[in-house]
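# Tertiary structure, described
Below are the chains, spelled out letter by letter.
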Amino acid sequence: MGTWLSEEIPAFAVVGRVNAGKSATLATLLEIDDDELLRISATPGETTDVLPLPVRYDGEELLRFLDTPGFQQPVEAMREIQKLAGNGVPGPAEIARFTKECRQRFPDEARLLEPLVEGAGVIYVVDPCKPLRDTFLAEIEILRWTGRPRLALLNPQAEPSPELEREWRERLGTSFNLVRTFHAHDARFDERKRLLEVLLQIEEHHASHIRRVIEAMDNEMHDRREEAAEAILDFLEKSLTLRVSEPIDVRDRSVPSRSEKKKAELEERYFKKLGDLELTCLKKLLKIYRHNLIKLDVDPERHAGLDLATAETWQKWGLSRWQLAAAGAVAGGAAGAVFDLGVGVHSLGAGTVIGALGGGTMAFFKGGALPELRVIGGGLGKLRGDGQAMVVGPPESLNFSWILLDSMLVRHRGILARAHGKRDTAALEVSEQDSLVRNFPSDRRSLLQKWFASCLKGSPDRGKEPEVFAELVKSLEEAEEK
Ligand SMILES: Nc1nc2c(ncn2[C@@H]2O[C@H](COP(=O)(O)OP(=O)(O)O)[C@@H](O)[C@H]2O)c(=O)[nH]1
Ligand SMILES: [Mg+2]
């Protein structure tokens, strides 16, 4: 059936002007952030040949997309095709002749039309911020003559003016089966899925294949959510049970300057380990969602957005005071304790929470005053010398667990919002937004609080784990909808 198509597999060629965002559209739709495989570039003409991108599930190719070089001389090509038609109206036959007879003069047009001649559907990508010039009208005309099922995708690379967008829609509406918007740089799961559903409408012939792809996407998303919940559960458990210890002998303990020094060293080790746990979790999340390009530099300079020096900002994170009380965080012995959340949250610093993927916990903690760590003198069994150890454990802040969880939920959301076709900034942008844990239903808050408490004590409640996992899955699902 020719070079690009096979009988049983539905195929769609993505066509349009150079730099319209064809490659970015495919990268986002198919979650490809590999520059080697699919180049997205400001340099025109990066795609010089047709590039087949098969969609496979369980080893079976269900659908195929073809990335193509852009139109280069659409007006001249249109005239040439008209000439081939003589006095008649050009159609698929003339397009087929054009791809064979006019290759020399129109290499790009011939290449991009070839898959259409073989039977591929058309996905025409345009930027509706561009004025609708003759060159575009020529492209639209040529595509109409192919007679193939046609979808036009508006990929606005800036904010289009409403008049211009209306003009594009009207013009495209007369020549295409459907016109839709697809933000190649911002599309999320739902928008990607909707695009496939639109393909169903223009290509009924292969409906079952396309349906299977949509179903597989749904299943995959479900699995990923579970994997992400697993990673976050693991991160929380390891962070909350994290302790670092050092044997300390009597002499060191009795000299304040020495024990202070030791404490400072231990604190540093504690935060380093916490930062490592955070990074491990973030790497897992990125892998789950097939993001390979985002850099995870632990670089405080990369922190952006949230200003934790202000009360409003830290008030957004973790649970509110009464929620903590309601969840049982302050039950038992803490009555009358001063728990100034302001100090607590503030001292945890900004980075972790904001989570520009780029600052680790460490950088974050460095910013403000270090949180009070529990320092236990002795009690860790026989270690060395007189058997006493200095142990540094989690910060006293009642909100510590909640902030860790919030930070991961927010970054998870940032990862989901990150389109694979977006290649310009390496760091993940996570804008300032409200706490996610604060919107949890109260029974979820109490369940998590109980489990957190068991972890903080050093003995995670295994009995509660399945329930905690299920609630985390739900939390991730809810965050996707916002
Ligand atoms: N802001 C923005 N830039 C885009 C978008 N799509 C593509 N670009 C940029 O436009 C250029 C060309 O994109 P590409 O996908 O390679 O276009 P193609 O030539 O049609 O394949 C690149 O510099 C992209 O970063 C978009 O939706 N928004
Ligand atoms: Mg391209």
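Just so you know, these numbers come straight off a predicted model, no measurement behind them.

### Quick word on the site of ligand 1
The environment of ligand 1 is formed by 15 residues, the closest being Asn 19, Lys 22, Ser 23, Ala 24 and Asn 155. Between an oxygen atom of ligand 1 and a main-chain N or O atom of Ala 20, the distance comes to 3.2 Å. Within the backbone of Ala 24, an N or O atom sits 2.8 Å from an oxygen atom of ligand 1. Relative to its unbound accessible surface of 570 Å², ligand 1 loses 81% to contact with the protein.

### What to know about helix α5 (residues 134–146)
The first and last C-alpha atoms of α5 sit 19 Å apart over 13 residues, in line with the 18 Å expected at 1.5 Å per residue. Listed in full, the buried residues belonging to α5 are Phe 136, Ala 138, Glu 139, Ile 140, Glu 141, Ile 142, Leu 143, Trp 145 and Thr 146. A positive phi of about 75 degrees marks Gly 147, the residue just after α5.

### Some remarks on the packing of aromatic side chains
A complete count under the given rule lists 6 aromatic pairs for this structure. Residues Tyr 124 and Phe 176 carry aromatic rings whose centres are separated by 5.5 Å and whose planes lie at 10 degrees to one another, so their mutual orientation is stacked. Placement of the pair is Tyr 124 in strand β4 (residues 121–126) and Phe 176 in the loop between α6 (162–175) and β6 (178–181), with a sequence separation of 52 residues. Side by side, Tyr 124 and Phe 176 carry an identical accessibility label, which is buried. Connected via pairs of aromatic rings, a cluster forms that spans Trp 402, Trp 451 and Phe 452. The ring of Phe 440 has Arg 444 sitting right over it, with the charged end atom 4.7 Å from the ring centre.

### Comments concerning helix α18 (residues 465–480)
In this model, α18 (16 residues) spans 23 Å end to end at C-alpha, consistent with the 22 Å of a helix rising 1.5 Å per residue. For α18, the set of buried residues is Glu 465, Val 468, Glu 471, Leu 472, Val 473, Ser 475, Leu 476, Ala 479 and Glu 480. Lining the buried residues of α18 we find α8 (207–240), α16 (400–416) and α17 (442–456).

### Let's talk about the pattern of salt bridges
Counted by the stated rule, this structure contains 32 salt bridges. Note that Arg 225 and Glu 477 form a salt bridge whose closest N and O atoms lie 3.9 Å from each other. Here the residue Arg 225 occupies a position in helix α8, and Glu 477 occupies one in helix α18, the gap between them amounting to 252 residues. Glu 477 gets classed as partly exposed once you look at its relative accessible area, which sits at 32%. Among the ionic pairs, Lys 464 bridges to Asp 461, the shortest N-O distance being 3.0 Å. For Asp 461, a relative accessible area of 26% translates into the label partly exposed.

### Overview of the side chain of Thr 99
Residue placement: Thr 99 occurs in helix α3 (residues 92–101). On the basis of relative accessible area, Thr 99 is assigned to the buried category, the value being 4%. In this structure, Thr 99 is in contact with Ala 110, Leu 113, Glu 114 and Val 117, ignoring residues within four places of it in sequence.

### Some points on unusual backbone geometry
Even without a glycine there, the phi angle at Asn 19 is positive, about 70 degrees. With respect to the element layout, Asn 19 can be found in the loop between β1 (11–16) and α1 (22–30). One non-glycine residue, Asp 58, lies in the positive phi region at around 50 degrees. By the secondary structure assignment, Asp 58 is in the loop between β2 (51–57) and β3 (60–67). Judged by relative accessible area, which is 84%, Asp 58 ranks as exposed.

### Focus: the sheet that holds β6
On the basis of which strands lie adjacent, the open sheet formed by 6 strands has the order β2-β3-β1-β4-β5-β6 and mixed pairing. Each edge of the open sheet carries a strand with a single partner, namely β2 and β6. Averaged over all adjacent pairs, the angle separating strand axes in this sheet is 25 degrees, with direction ignored. Where β2 meets β3, 7 bridges bridge the pair, whose relative direction is antiparallel. Bridge pairing links Pro 54 to Arg 64 in β3. The sheet contacts of α1 involve β1, β2, β3, β4 and β5 (150–154), and relative to β3 the element is tilted by about 160 degrees. Lying on the sheet, α8 is in contact with β1, β2 and β3; it crosses β3 at an angle near 100 degrees.

The rules we used
- Residues numbered from 1 in each chain as written.
- Chains lettered and ligands numbered in written order.
- Predicted model: local features only at pLDDT ≥ 70, side-chain atom pairs only at ≥ 80, totals over all residues.
- Heavy atoms only, no water.
- Near = heavy atom within 4 Å.
- Polar contact = N/O pair within 3.5 Å; in protein donor to acceptor, adjacent residues only side chain to side chain.
- Areas by Shrake-Rupley, 256 points an atom, 1.4 Å probe, with all protein chains shown as cover.
- Helix = DSSP H or I, 4+ residues; strand = E, 2+ residues; numbered from the N terminus.
- Expected span 1.5 Å × (residues − 1).
- Buried < 20%, exposed > 50% of the residue type's maximum accessible area, 1.4 Å probe, protein only.
- Phe/Tyr/Trp six-rings, centres within 6.5 Å; stacked < 30°, edge-to-face > 60°.
- Lys NZ or Arg CZ within 6 Å of the ring centre and 35° of its normal.
- Contact = heavy atoms within 4.5 Å.
- Salt bridge = Lys/Arg side-chain N within 4 Å of Asp/Glu carboxyl O.
- Pairing = 2+ DSSP bridges.
- Axes fitted to C-alpha atoms, helices over the stretch in contact; angles between N-to-C directions.

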